[in-house]
Amino acid sequence: MIKRQLSQQLFQALQSASVVYLNGPRQAGKTTLVRALAKGQWPAEYVSFDEASMLGAAESDPEAFLRAYEGRLILDEVQMAPALFRPLKLLVDEVRTAKPGPVEGRFLLTGSANVMALPTLANALVGRMNVLGLYPLSAVEVLEGKGGFLECLMRNAFKPRTLAPGRELTDVIQQATFPEISTSSPAVRRRWFESYITTILQRDVRQIADIAKLGLLPNLLKVLASRAGGLINEADIARSIGQNAVTTKNYRVLLQMMFLVFELKPWYRNIGKRLVKAGKGYVIDSSMLCHLQQIDLEKAARSDPHVFGHVLENFVASELVKQLAASEIEAELFHFRTSDGKEVDFVLEQANGKLAGIEVKGRGSITADDFKGLQVLRSHTAADFVCGIVLYRGRKVIPFGESMWAVPMDMLWNA
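Reference entry: report on the structure contained in this document. Keep in mind that this is a model prediction, so the values were computed, not measured.

Some remarks on the overall build of the protein chain
Phase 1: Assigned secondary structure in the protein chain consists of 18 helices and 14 strands.
Phase 2: The globule rule puts the C-alpha radius of gyration for 415 residues at 22 Å, and the 22 Å found for the protein chain is close to it.
Phase 3: Dimensions of the protein chain, computed from C-alpha atoms along their principal axes, come out at roughly 65 × 50 × 50 Å.
Phase 4: By the burial criterion, 53% of the 415 residues in the protein chain qualify as buried.
Phase 5: Of the contacts made within the protein chain by residues no fewer than 6 positions apart, 71% connect residues no fewer than 24 positions apart.
Phase 6: Accessible surface, the protein chain: about 18,300 Å² in total, of which carbon and sulfur atoms supply 49%.

Shown next as structure tokens:
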């Protein structure tokens, strides 16, 4: 079994929070991770609401169902049983009243929907629940990389060096996906994604929302995939699927709740500055992106730099999301764009205001022009700017001025 970066962080969370909620896409490996934990470091009873009998019992009398389990309890796919959240709050508060002081985790929840976006559920456990995210396999995990990229970035710890030849980038992108298909053939992947997307859009969505036009979701997902890495324009997306902007936005947010797509907010501090305030959209998994757009990744890498660059930017975005979710470095991920078109693909900002920028290029060489966006970002941030890098397909770490570096793509998983 591939070791997940989040394992230790999850165990630590269970030492200090009464309830831990592990969410993320379906089939990302949540069940495998929590069941391994229950057999080892954190012995617990396991209940899955994919079982109809368990779901029926929980819905019949939620409080009695929970009280029947006296020790640690794992509730898998808990978004299917929303009635449990209020009784969970009641039980946690009873334990706190009876035993003041440090708490130890008793409930480990997993879910394939972001219930934190549903106020009626999230509010029930505010201040009582620690939320963690588990995503499809990262490049760090499948290649057993060092996992120090974020720390290196936020400390500006790059040094000139030449990397030894590594794995083919296309292989890395294809393996950094859902565990079940990480090493599968293209035909198996195609069938798997067809089933996966149908299951989520036809079944799972109904469990968290009353959707009047369910048939719109597959087309919307394809439209969002075609625009991955681009600015989100609700009106334009709405026209593409023949709906109004309000309905389209609501359905897009629903796809985000199901962890199929995600949005990066724009970075700015002074709202009056001439910066673009629209978010950028991405697909949570780059192999899913290729499936939705029928992209032959190997062929694109050889002969279609525009299409390959489209996939590569999505891959880096998803890799950063995965690494941030499993890292002790607390930072938020943004994008940066000025009104006159200067941009930086990704900006990581810590709570203390320190930040770093990342630009992605699919080429094997870099010039000073590739740093123009990063230079503009630095001019907006002064002393808070820690580092700016251009990830590229070469083998050398090259300094391009103060705190500016050309960095091989391999460093993303092997720094």
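Let's talk about the pattern of salt bridges
Phase 1: Using the criterion set out here, one finds 24 salt bridges in the structure.
Phase 2: Note that R227 and D236 form a salt bridge whose closest N and O atoms lie 3.0 Å from each other.
Phase 3: A residue is classified by how much of its surface remains accessible, and D236, at 27% relative accessible area, is partly exposed.
Phase 4: Between D236 and R239 there is a salt bridge whose closest N-O contact spans 3.3 Å. Taken together, the residues D236 and R239, both in helix α12 (residues 234-241) and three residues apart, mark about one turn of the helix.
Phase 5: Taking the relative accessible area as the measure of exposure, R239 reaches 59% and is therefore exposed.
Phase 6: Salt bridges here are not isolated pairs; linked through shared partners, they connect R26, D50, E77, R203 and D204.

A few points about unusual backbone geometry
Phase 1: At E77, a position not held by glycine, the phi torsion is positive, near 60°.
Phase 2: Within the secondary structure, E77 is located in the loop between β3 (73-76) and α5 (85-98).
Phase 3: Residue E77 is classed as buried on the basis of its relative accessible area of 4%.

Details of the sheet that holds strand β9 (residues 331-337)
Phase 1: Taking strand neighbours across the sheet as the criterion, the nine strands line up as β6-β13-β14-β12-β11-β10-β9-β7-β8 in an open arrangement whose pairing is mixed. Across the chains shown, the open sheet's two edge strands, defined by having one partner strand only, are β6 (161-162) and β8 (280-283).
Phase 2: As paired elements, β6 and strand β13 (residues 396-399) share two bridges and run antiparallel to each other. Residue pairing for β13: R161 is matched across the bridge by V397.

What about the state of the cysteines?
Between two cysteines, a covalent bond joining their sulfur atoms is known as a disulfide.
Phase 1: All told, the structure shown has zero disulfides when counted by the stated rule.
Phase 2: Left without a disulfide partner, C152 is nearest to the cysteine sulfur of C387, which lies 7.6 Å away.
Phase 3: A relative accessible area of 11% places C152 in the buried class.

Brief notes about the pairing of β9
Phase 1: Relative to β9, strand β7 (residues 261-266) is paired through two bridges, and the arrangement is parallel. Bridging from a neighbouring strand, P266 pairs with H335 of β9.
Phase 2: Bridging between β9 and strand β10 (residues 343-350) involves six bridges; their strand directions are antiparallel. Looking across to β10, one finds that A331 is bridged to Q350.
Phase 3: Counting the residues between successive antiparallel strands, the hairpin from β9 to β10 contains five residues, one of them, G341, with a positive phi of roughly 95°.

Topic: the packing of helix α11 (residues 216-226) against α12
Phase 1: Orientation of α11 relative to α12, taken along the N-to-C sense of each, is 130°, at an axis distance of 10 Å. On the basis of the axis angle, α11 is oblique to α12. α12 is crossed by α11, and the crossing has right-handed handedness. Counting all contacts with α11, which are made through L216, N219, L220, V223 and L224, the residues of α12 involved are I237, S240 and I241.
Phase 2: Across the contact of α11 with α12, the residue classes tally to six nonpolar, two polar and no charged.

Here's the deal with the packing of aromatic side chains
Phase 1: For the structure shown, the criterion picks out 14 aromatic pairs.
Phase 2: Here the aromatic rings of F158 and W405 are separated by 6.5 Å at their centres, their planes lie at 50°, and the arrangement is tilted. Residue F158 is located in the loop between α8 (149-154) and β6, and its partner W405 is located in strand β14 (residues 404-408); the two are separated by 247 residues in the primary sequence. Of the two residues examined, F158 and W405, each falls in the buried class.
Phase 3: Note on F178 and F193: the rings are 6.2 Å apart at their centroids and 75° apart in plane angle, and the pair reads as edge-to-face. Taken together, the positions of F178 in the loop between α9 (169-175) and α10 (186-208) and F193 in helix α10 put the pair 15 residues apart, joining distant regions of the chain.
Phase 4: Here F193 falls in the buried class, since its relative accessible area comes to 1%.
Phase 5: An aromatic cluster of three or more residues is present, and its members are F178, W192, F193 and Y196.

Brief notes about the side chain of S112
Phase 1: Among the secondary structure elements, S112 is positioned in the loop between β4 (107-111) and α6 (119-122).
Phase 2: Since its relative accessible area comes to 2%, S112 is described here as buried.
Phase 3: Separated by 3.4 Å, the side chains of S112 and K30 make a polar contact.

Analysis parameters
- Residues numbered from 1 in each chain as written.
- Predicted model: local features only at pLDDT ≥ 70, side-chain atom pairs only at ≥ 80, totals over all residues.
- Heavy atoms only, no water.
- Helix = DSSP H or I, 4+ residues; strand = E, 2+ residues; numbered from the N terminus.
- Rg over C-alpha atoms; globule rule 2.2 N^0.38 Å.
- Buried < 20%, exposed > 50% of the residue type's maximum accessible area, 1.4 Å probe, protein only.
- Contact = heavy atoms within 4.5 Å.
- Areas by Shrake-Rupley, 256 points an atom, 1.4 Å probe, with all protein chains shown as cover.
- Salt bridge = Lys/Arg side-chain N within 4 Å of Asp/Glu carboxyl O.
- Pairing = 2+ DSSP bridges.
- Disulfide = S-S within 2.5 Å.
- Axes fitted to C-alpha atoms, helices over the stretch in contact; angles between N-to-C directions.
- Parallel < 35°, antiparallel > 145°, perpendicular 65-115°, else oblique.
- Left-handed = near helix turned anticlockwise from the far one by under 90°.
- Nonpolar A, V, L, I, M, F, W, Y, C, P; charged D, E, K, R; others polar.
- Phe/Tyr/Trp six-rings, centres within 6.5 Å; stacked < 30°, edge-to-face > 60°.
- Polar contact = N/O pair within 3.5 Å; in protein donor to acceptor, adjacent residues only side chain to side chain.

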